[in-house]
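Listed below, chain by chain, are the residues.
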Amino acid sequence: MFPYGEAVAPAVTSVFTAVLTEGPISRVALARRLDLSSAAVTKAARPLIEMGYLEELAATERTGPGAGRPASPLAIRADREFFVGVKITRDELIGVVCDLRAEVRASAHRRLAATDVDHVLTELGELVDDLLDGPGDYRSRTRRLGVAISGDVDHSTAQVRYSPFLRWRDVPLGERAGKITGLTTSVENDVKALTTAEQWFGEGVGVDSFALVTVGAGIGCGLIVNGRLVSGSHGVAGEIGHIGFDVDGPECHCGSRGCVEAVAGADAIVRQAREGTGRPELTFEDAVTLARSGDAAVGAVFARAGTAIGAGIAAVANLVGPARIVVSGEGLSAYDLFEPHIRASFQRQAFGAAADCPLSIRALPFEQWARGAATVSIKDLVGS
């Protein structure tokens, strides 16, 4: 919620969210967009202007032929408040400071020597201090921190129930991070956080439904349906990495066999490439180099991975019918090896007109995942 404990009426939240994601926008356009009267929009905007979250720009447009004075669009005052976002990987912390429009103002990385909870939290506290006490005078206008982490996260309680890559279970991350940093802390699954950023400030703006598929250490998927992030009744949704692809396939860390992630995740690709070449020292980058140089065995590993990913994406299209699907993640560095197999598998598995769903490819560095974490904290401020 907004500062000082105000009870924010639904109209205030709706107006603020619309200006935040679609502004600058006139009151007349807001009234049409939100199905409110002009008087209701004006009433909702007034406290936001008084608190410094919105401002009126110089009049630039008329509301229609023969209308009176030109309209004064409402816009976000982006520097009214700042938000820290941190993405946790098994190797490092990536942190950003964002303004209210989720524009990155500062960023920093911090390597992790270990992944136990105490060490990560100590490093997180120092990273936040570095960001807030550096150039920019951010600390005085920063009250919120968003943390993005892979795995099963209960956003409502800010608890990490299970993060396979960090081997964490039942960690009250929001509470502990809040104590260390002094900031109100939101915690979200990293793919859902990235999806939220795309919905509010990226390709999802104005789109009623879309899916974001991430390819990398894991295979993830965030879903927006009817304009809302799908979280699932039990906090789990969109886990296409754990759709069964091959019932006789390799064992997955989730306990099942032949999951998309067990075939197409970065670790799975490395394992299969090592087995195929007899080279136990092989890295993911080595596997990419071999496949691009024509190594048939390693090329087949990437081909099978692409086929698995395409089948997972087709399952999303068949079940949800999104207007578009965005494919991203650190695994895109090898996307040329995946792409033909992803597209062929998608076309083969998608049912009917679902095969017409456009796939767009966006390389998003980890700073953008941290920006997603900051966006979650912005969304929690708004109460949307």
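Computed from a prediction, not measured in an experiment: that's the story for all the values here.

Asks: Honestly, the overall build of the chain in this entry has me stumped. Any pointers?
Replies: If you tally the helices and strands in the chain, you get 12 helices and 15 strands. The principal-axis extent of the C-alpha atoms belonging to the chain is close to 75 × 50 × 35 Å. The buried share among the 384 residues of the chain stands at 53%. Long-range contacts, defined as pairs at least 24 residues apart, comprise 61% of the intrachain contacts of the chain with a sequence gap of at least 6. Side-chain charges of the chain comprise 38 positive and 47 negative groups, with the mean position of each set lying 5 Å from the other.

Asks: Honestly, the packing of aromatic side chains in this entry has me stumped. Any pointers?
Replies: Think of a pair of aromatic rings as described by two things: how far the centres are apart, and how the planes are tilted against each other in angle. Under the criterion given, the structure shown has 6 aromatic pairs. Here the aromatic residues F284, F302 and F338 are joined through ring pairs into a cluster of three or more. Between R169 and the ring centre of Y162, over which it is positioned, the NZ or CZ distance is 4.1 Å.

Asks: Honestly, helix α2 (residues 27–34) in this entry has me stumped. Any pointers?
Replies: Count 3.6 residues to each turn of an α-helix, and residues three or four apart come out pointing the same way. Along α2, the positions that sit buried rather than exposed are R27, A29, L30, A31 and L34. In the core, the buried residues of α2 are packed alongside α1 (10–22), α3 (38–50), β1 (54–56) and β2 (74–76). Backbone geometry just after α2 places D35 at a positive phi near 55°.

Asks: Sorry if this is basic, but what is going on with the pattern of salt bridges here?
Replies: Tallied over the entire structure, the rule returns 20 salt bridges. The residue D130 makes a salt bridge to R110 at a minimum N-O spacing of 3.0 Å. Placement of the pair is D130 in helix α4 (residues 117–133) and R110 in strand β5 (residues 104–111), with a sequence separation of 20 residues. By relative accessible area, which is 47% here, D130 ends up partly exposed. Between R176 and D118 there is a salt bridge, with its nearest N and O atoms 2.5 Å apart. Pair noted here: R176 is in helix α5 (residues 173–181) and D118 is in helix α4, with a separation of 58 residues, a long-range link. Given a relative accessible area of 31%, R176 falls into the partly exposed group. Taking the relative accessible area as the measure of exposure, D118 reaches 46% and is therefore partly exposed.

Asks: Can you walk me through the packing of α2 against α3 in this structure?
Replies: Any two packed helices are characterised by the angle at which their axes cross and by the distance between the axes. Remark: α2 packs on α3, axes separated minimally by 9 Å, with the N-to-C direction vectors making an angle of 110°. With respect to α3, the element α2 is oriented roughly perpendicular. The handedness of the crossing between α2 and α3 comes out as right-handed. Contact residues: α2 offers R27, L30 and A31, while α3 offers S38, V41, T42 and I49.

Asks: Would you explain the pairing of strand β14 (residues 324–328) in this entry?
Replies: On a regular strand, each side chain points to the face opposite its neighbour's, so the side chains alternate between the two faces of the sheet. Taking burial as the measure, the 5 residues of β14 include 4 buried ones, the bulk of the element. Here strand β11 (residues 210–215) pairs with β14 via 5 bridges, running parallel. Along β14, the bridge assignment pairs V213 with V327. The pairing of β14 with strand β15 (residues 359–361) spans 3 bridges and is classified as parallel. Each bridged residue has a counterpart across the sheet, and for I325 the counterpart in β15 is L359. The parallel pair β14 and β15 is bridged by helix α11 (residues 335–349), and the resulting crossover is right-handed.

Asks: Is there a simple way to think about the packing of α1 against α2 in this case?
Replies: Between α1 and α2, the least distance of the axes is 11 Å, while the angle of their chain directions is 110°. The angle between α1 and α2 places the two elements in the roughly perpendicular class. The chirality of how α1 crosses α2 is right-handed. Contact residues: S14, V15, A18, V19 and E22 in α1; L30, R33 and L34 in α2. Residue composition of the contact of α1 with α2, by class: 5 nonpolar, 1 polar and 2 charged.

Asks: It is not clear to me how the sheet that holds strand β7 (residues 152–154) should be interpreted in this structure. Could you clarify?
Replies: Neighbouring strands of a sheet are bound in pairs by backbone hydrogen bonds; such pairs are parallel or else antiparallel. Read across the open sheet, the 3 strands follow the order β7-β8-β9; overall the sheet is antiparallel. In the strand order of this sheet, the two ends are held by β7 and β9 (168–171), each with one partner. Neighbour-to-neighbour, the strand axes of this sheet turn through a mean angle of 15°, independent of strand direction. Sheet analysis places β7 next to strand β8 (residues 159–163), joined by 3 bridges and oriented antiparallel. By the bridge assignment, D152 is partnered in β8 with Y162.

Scoring rules and cut-offs
- Residues numbered from 1 in each chain as written.
- Predicted model: local features only at pLDDT ≥ 70, side-chain atom pairs only at ≥ 80, totals over all residues.
- Heavy atoms only, no water.
- Helix = DSSP H or I, 4+ residues; strand = E, 2+ residues; numbered from the N terminus.
- Buried < 20%, exposed > 50% of the residue type's maximum accessible area, 1.4 Å probe, protein only.
- Contact = heavy atoms within 4.5 Å.
- Lys, Arg positive; Asp, Glu negative; His and termini not counted.
- Charge placed at Lys NZ, Arg CZ, Asp CG, Glu CD.
- Phe/Tyr/Trp six-rings, centres within 6.5 Å; stacked < 30°, edge-to-face > 60°.
- Lys NZ or Arg CZ within 6 Å of the ring centre and 35° of its normal.
- Salt bridge = Lys/Arg side-chain N within 4 Å of Asp/Glu carboxyl O.
- Axes fitted to C-alpha atoms, helices over the stretch in contact; angles between N-to-C directions.
- Parallel < 35°, antiparallel > 145°, perpendicular 65-115°, else oblique.
- Left-handed = near helix turned anticlockwise from the far one by under 90°.
- Pairing = 2+ DSSP bridges.
- Right-handed = clockwise from strand over helix to strand, strands pointing away.
- Nonpolar A, V, L, I, M, F, W, Y, C, P; charged D, E, K, R; others polar.

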